[in-house]
Amino acid sequence: MAVTSKDKTVWFCTSCGNEYPKWMGKCPSCGQWNTLVEKTVATGKTPKNAVASSNAGVTKPQPLSEVGSAQEDRISLGNGEVDRLLGGGLVRGSLVLLGGEPGIGKSTLSLQIPLGCPTLKTLYVTGEESPRQVKMRADRLGGDSSGCYIYSETQMENVLSEIDKLSPDLVIVDSVQTMYSEAIESSAGSVTQIKEIASMLLRYAKSSGVPVILIGHITKDGYIAGPKVLEHIVDVVLQFEGDDRGAYRLLRGIKNRFGSTSELAVFEMTGKGLREVTNPSEMLLPMHEEGLSGTAIAAMLDGLRPFLFEVQALVSSAAYGTAQRSSTGFDVRRLNMLLAVLEKRAGFKLNQKDVFLNMAGGLRVADPACDLAVVSAVLSSTFDFAIPSDVCFAGEVGLSGEIRPVSQADRRIGEASRLGFKKIYVSKYTAVHKGVSKDLEVVKVGDIPSLVRSVFK
């Protein structure tokens, strides 16, 4: 007896991807309101792409002790920063999701990879651009394009068919929101289509051993667009951060099944694409004359990578009745907390002052170790006192005005010493190993008043 297809209406949460039989105002799983959308799915028949999974062979359970533990075979992409972020290269058969804001460099980086590795036979599938547009960008970026094949298509079944004919070493899909499967009766970019496209690419990558790089859009809140299950399906999630109007881009590993997520890659956007910044500290340090107030150097640690950058503050009398608090690259709520600590614990009256804060280089900072540099920059602007450019800070400020120690202080001190700094201010509770500072003087302070007496004397 033949099985006929039946249509079923379900409700998907656009935030977490969970499925429900009826509409609800609030998603029970993630707690978001008004995120359920109605979708019609076909049931009762085998999808056309299920044939690929049946050809993969029948497997059976086996003891864990008999499973081989050899190192994963990795492919170098010719980009040192990306290889390091991936844990040493691209693992064969892996599915990598690359996300970021429009214009931040996702397509640029994905095209630079095959141009930098001409020996790697790459199929670049584009659903957003024509082959001529991709060619124009490739000419601007430079490199050898002999190993790169361009295919403009949005139907996934056609893409898989061409992949079987070409047998590439790497597949790049730009982007998952533009692809669709004819087995699903919904438009491209819907929750159902995104889940199905990701599953089809995952089955291909695992069965063939060919790695796939999948480009995805993000929402206005900065999260990967589509269902949350998309991030669970893929092996690696890389996301671009930074201001698309600025020069620097940060590529952060959010998920990595084959390596650490505590790595960070820094790039500079130039006329010829993304350039690797192997030493970001030298790029983010002051680029102005000596003797300017309102600046302080913070020793930040992002994952396992330390780098130093400039914190800029401007304090002026409030032009209107209510004082303004503005912050770029730093949480404005934490800025308000630090200003309240200065007023309550140290006696500085800032309630009638406008305070503007900026992280140099377009960085977005979340490390609590930057608190001490923020406080120092605000006080420097208040006193109109210039902090020497060879002084940096690494410490967290508590609500009682105490300066608390931060993690991996030796890495921060070592980076400051390598860059030629003469003095670093840390918490008095920080344990510093001998031989780390070399020619760097480590000054330990316990609270805000002791910091003021030591720096602004």
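Because the structure is a prediction, the values reported are computed rather than measured.

Trainee: Please explain the overall build of the chain as it appears in this structure.
Mentor: Regarding its fold elements, the chain presents twelve helices and 23 strands. Across the 457 residues that make up the chain, the buried fraction comes to 48%. Summarising the internal contacts of the chain: among those between residues at least 6 apart in sequence, 66% fall at separations of at least 24. Here the chain holds 51 positive side-chain charges and 50 negative ones, and the gap between their average locations is 4 Å.

Trainee: Sorry if this is basic, but what is going on with the pairing of strand β14 (residues 273-276) here?
Mentor: Within a regular strand, the side chains alternate between the two sheet faces. Pairing of strand β13 (residues 264-270) with β14 involves four bridges; the strand directions are antiparallel. Paired with F267 across the two strands is E276, which belongs to β14. Linking β13 to β14, which pair antiparallel, is a turn of two residues.

Trainee: Explain the packing of helix α9 (residues 332-345) against helix α10 (residues 371-383) to me, please; I cannot follow it from the model alone.
Mentor: Two measures define how a pair of helices packs: the angle their axes make with one another and the distance between the axes. One can describe the packing of α9 onto α10 by two numbers: an axis separation of 11 Å at closest approach and a directional angle of 60 degrees. Crossing handedness for the pair α9 and α10: right-handed. Two secondary-structure elements touch here, α9 through R334, L335, L338, L339 and L342 and α10 through D371, V374, V375, V378 and L379. For the contact of α9 with α10, the residue count by class is eight nonpolar, no polar and two charged.

Trainee: Is there a simple way to think about the layout of surface pockets in this case?
Mentor: Left-over empty space is what a probe sized like a water molecule reveals as it rolls over the atoms. Space inside the largest pocket adds up to approximately 380 Å³. In terms of lining residues, the largest pocket is bounded by 18 residues, among which T14, S15, T219, Y223 and G226 are the most central. By residue class, the composition of the lining of the largest pocket is six nonpolar, eight polar and four charged.

Trainee: How should I be thinking about the side chain of D235 in this particular structure?
Mentor: Looking at the element boundaries, D235 is found in the loop between α7 (229-233) and β11 (236-241). Among the polar contacts made by the side chain of D235, one reaches the side chain of R257 at a distance of 2.7 Å. D235 has contacts with G93, S94, L95, K206, K255, N256, R257 and F258, leaving out every residue within four places of it along the chain.

Trainee: How do you make sense of the packing of helix α5 (residues 156-166) against helix α6 (residues 191-208) when you look at a structure like this?
Mentor: Running from N to C, α5 and α6 cross one another at 15 degrees; their axes reach a closest spacing of 11 Å. On the basis of their axis angle, the class for α5 and α6 is roughly parallel. Along this stretch, α5 crosses α6, giving a crossing that reads as right-handed. Across from M156, E157, L160 and I163 in α5, the residues of α6 making contact are I197, M200, L201 and Y204. Broken down by class, the residue content of the contact of α5 with α6 amounts to seven nonpolar, no polar and one charged.

Cut-off values and rules
- Residues numbered from 1 in each chain as written.
- Predicted model: local features only at pLDDT ≥ 70, side-chain atom pairs only at ≥ 80, totals over all residues.
- Heavy atoms only, no water.
- Helix = DSSP H or I, 4+ residues; strand = E, 2+ residues; numbered from the N terminus.
- Buried < 20%, exposed > 50% of the residue type's maximum accessible area, 1.4 Å probe, protein only.
- Contact = heavy atoms within 4.5 Å.
- Lys, Arg positive; Asp, Glu negative; His and termini not counted.
- Charge placed at Lys NZ, Arg CZ, Asp CG, Glu CD.
- Pairing = 2+ DSSP bridges.
- Axes fitted to C-alpha atoms, helices over the stretch in contact; angles between N-to-C directions.
- Left-handed = near helix turned anticlockwise from the far one by under 90°.
- Nonpolar A, V, L, I, M, F, W, Y, C, P; charged D, E, K, R; others polar.
- 1 Å grid on protein atoms, 1.4 Å probe; cavity = no way out; pocket = protein on both sides within 12 Å on 5 of 7 lines; lining within 4 Å.
- Points joined across faces, edges and corners; volume = space filled by probe spheres on them.
- Polar contact = N/O pair within 3.5 Å; in protein donor to acceptor, adjacent residues only side chain to side chain.
- Parallel < 35°, antiparallel > 145°, perpendicular 65-115°, else oblique.

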